[in-house]
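Secondary and tertiary structure notes
For reference, the chains in residue letters:
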Amino acid sequence: MASNNFMRKFRDENSELKTLTAYQFMDVWNHYDKDGNGYIEGKELDNFLRELISSVNQGDVGPEAVSDSALSEFKQNILEAFDENEDGKLDMLELAQIMPMEENFLLLFRRDNPLESSVDFMKIWKKYDKDNSGNIEADELKNFIRDLLDASGSQQEVTEETIIEYADTMLHIFDENKDGKLQLSEMAKLLPVKENFLMRPVFKGASLLSAADIDRVFNLYDQDHNDVIEGDELDGFLKDLLELAKSDYDTADLAEFRQVIMRTCDINHDGKISKSELKMVLLAMAKSHDKP
């Protein structure tokens, strides 16, 4: 019976959960996400929680020893504590908060320290997409992870083998189309921004949009305060705008979207967006929500 409990091998002689490596974490994930849909849910979640509880016992105690009422209470507590989007299931990032992980591995999940804006995201994207391929490939991802851990000031030693392990795990988690690299929307999930300001309700109706709202958006993206949105600022604005229409996008989608927006709103054809041109974009966006 003891060998049937997958979680027991991750406990020490005192029945405490061991600190997991990135590869061990993926072993746990792949074992319980039976259908490979990116969530531990339903019976998968019940099986994980039953084995997590019963693995405390070193003897021949199987998951069936956990009563339905005990499981129900434990599940409620786990979901209340870790199910951040309240969808009743666990994704990889939520599981990483439950299991004791290597400190350096947890530093790769930036939920407690999101980027201030998509302008910052685009600067990072361009820094690591060194070959301008439109993707963050494995070696570029390793450079990103190495720099992130160096900047964190972590005292734990990070070997090249560990960097490779982390990169493999990040690709497994965020590479949704499984092409071995991260496109723009996939990297955006690894590096979340604090808020896509354009998703606020005020931009979903022209009657709700005020001059102060337009000023606020312009100042958010015009980071160098030169009275135009350009370069990385423009890319960050267009990324946020594009995310309103689609969640799966790459640099080709962003380039095509730029052409459409600039052809319509760049009145003086300078390749930048002024405040008056931004107003056109925001009003057009808001009016589209007014249509029945």
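Right above here is the structure, for reference.
Residues numbered from 1 in each chain as written. Predicted model: local features only at pLDDT ≥ 70, side-chain atom pairs only at ≥ 80, totals over all residues. Heavy atoms only, no water.

Within the chain, the secondary structure is distributed over 13 helices and 0 strands. Along its sequence from the N terminus, the chain presents helices and strands in the succession α-α-α-α-α-α-α-α-α-α-α-α-α. Projected onto its principal axes, the C-alpha positions of the chain cover 75 × 45 × 30 Å. Among the 292 residues that make up the chain, the fraction classed as buried is 43%. (Helix = DSSP H or I, 4+ residues; strand = E, 2+ residues; numbered from the N terminus. Buried < 20%, exposed > 50% of the residue type's maximum accessible area, 1.4 Å probe, protein only.)

A few words now on the nonpolar core. Phe 48, Phe 121, Leu 141, Ile 145 and Phe 237 are the most contacted members of the largest nonpolar core, which has 81 residues in total. Among the elements that make up this core, the one with the highest residue count is helix α8 (residues 160-174) (7 residues). When sequence neighbours within four positions are dropped, the list of residues in contact with Phe 237 reads Leu 198, Tyr 221, Ile 273, Leu 278 and Val 281. (Core = buried A, V, L, I, M, F, W, Y, C linked by side-chain atoms within 4.5 Å. Contact = heavy atoms within 4.5 Å.)

Before going further, it helps to spend a moment on unusual backbone geometry. Trans peptide bonds make up the majority, and among non-glycine residues the majority have a negative phi. A positive phi angle, near 55 degrees, is found at Lys 178, a position not held by glycine. Classification of Lys 178 as exposed rests on a relative accessible area of 55%. The phi dihedral of His 269 falls on the positive side, at around 55 degrees, and the residue is not glycine. For His 269, a relative accessible area of 67% translates into the label exposed.

Tracing the backbone shows Leu 220 in helix α10 (residues 211-221). In this structure the C-alpha to C-alpha distance between Leu 220 and Val 119, which are 101 residues apart in sequence, comes to 9.1 Å.

Listing the buried residues of helix α1 (residues 22-32) in full gives Ala 22, Phe 25, Met 26, Val 28, Trp 29 and Tyr 32. The buried residues of α1 occupy an angular sector of 155 degrees when projected down its axis, which confines them to one face. Of the surrounding elements, those touching the buried residues of α1 are α2 (42-54), α4 (92-98), α5 (103-107) and α8. (Arc of directions from axis to C-beta.)

What follows covers the side chain of Glu 44. Among the secondary structure elements, Glu 44 is positioned in helix α2. One buried charged residue, Glu 44, remains without a salt bridge, the closest side chain of opposite sign being Lys 34 at 8.1 Å. From its side chain, Glu 44 meets the backbone nitrogen of Asp 35 in a polar contact 3.2 Å long. Those residues within four positions of Glu 44 in sequence are excluded, and the remaining contacts are Tyr 32, Asp 33, Lys 34, Asp 35 and Tyr 39. (Lys, Arg positive; Asp, Glu negative; His and termini not counted. Salt bridge = Lys/Arg side-chain N within 4 Å of Asp/Glu carboxyl O. Polar contact = N/O pair within 3.5 Å; in protein donor to acceptor, adjacent residues only side chain to side chain.)

Before going further, it helps to examine the packing of aromatic side chains. Considering all chains together, one arrives at 6 aromatic pairs under this definition. With a centroid separation of 5.2 Å and 75 degrees between ring planes, the pair formed by Tyr 221 and Phe 237 is classed as edge-to-face. Of this pair, Tyr 221 sits in helix α10 while Phe 237 sits in helix α11 (residues 232-243), placing them 16 residues apart in sequence. Accessibility classification places Tyr 221 together with Phe 237 in one group, the buried group. By the ring-pair criterion, three or more aromatic residues cluster together here, those being Phe 6, Phe 10, Tyr 32 and Phe 48. Over the aromatic face of Tyr 39 sits the side chain of Lys 89, whose NZ or CZ is 4.2 Å from the ring centroid. (Phe/Tyr/Trp six-rings, centres within 6.5 Å; stacked < 30°, edge-to-face > 60°. Lys NZ or Arg CZ within 6 Å of the ring centre and 35° of its normal.)

This next bit is on the packing of helix α6 (residues 118-128) against α11. In contact at an axis separation of 8 Å, α6 and α11 are set at 115 degrees when each is read in the N-to-C sense. In terms of their interaxial angle, α6 and α11 are classed as roughly perpendicular. You can see that α6 and α11 cross each other, and the crossing is right-handed. On the side of α6, the interface is formed by Ser 118, Val 119, Phe 121, Met 122, Lys 123 and Lys 126, while α11 contributes Asp 232, Glu 233, Asp 235, Gly 236, Lys 239 and Asp 240. Considering only residue class, the contact of α6 with α11 consists of 3 nonpolar, 2 polar and 7 charged. (Axes fitted to C-alpha atoms, helices over the stretch in contact; angles between N-to-C directions. Parallel < 35°, antiparallel > 145°, perpendicular 65-115°, else oblique. Left-handed = near helix turned anticlockwise from the far one by under 90°. Nonpolar A, V, L, I, M, F, W, Y, C, P; charged D, E, K, R; others polar.)

This paragraph deals with α10. Asp 213, Ile 214, Val 217, Phe 218 and Tyr 221 are the residues of α10 that are buried. Buried residues of α10, seen end-on, are gathered within an arc of 130 degrees and therefore sit on one face of the element.

This part covers the pattern of salt bridges. Scanning the entire structure with this criterion turns up 16 salt bridges. Two residues, Asp 235 and Arg 258, come together in a salt bridge whose shortest N-O distance is 2.3 Å. Pair noted here: Asp 235 is in helix α11 and Arg 258 is in helix α12 (residues 251-265), with a separation of 23 residues, a long-range link. By relative accessible area, which is 28% here, Arg 258 ends up partly exposed.

Bringing the packing of α6 against helix α7 (residues 138-152) into the picture now. Where α6 meets α7, the closest approach of the two axes is 9 Å, and the angle between their N-to-C directions is 125 degrees. On the basis of the axis angle, α6 is oblique to α7. Here Ile 124, Lys 127 and Tyr 128 of α6 come into contact with α7, specifically with Glu 140, Asn 143, Phe 144 and Asp 147.

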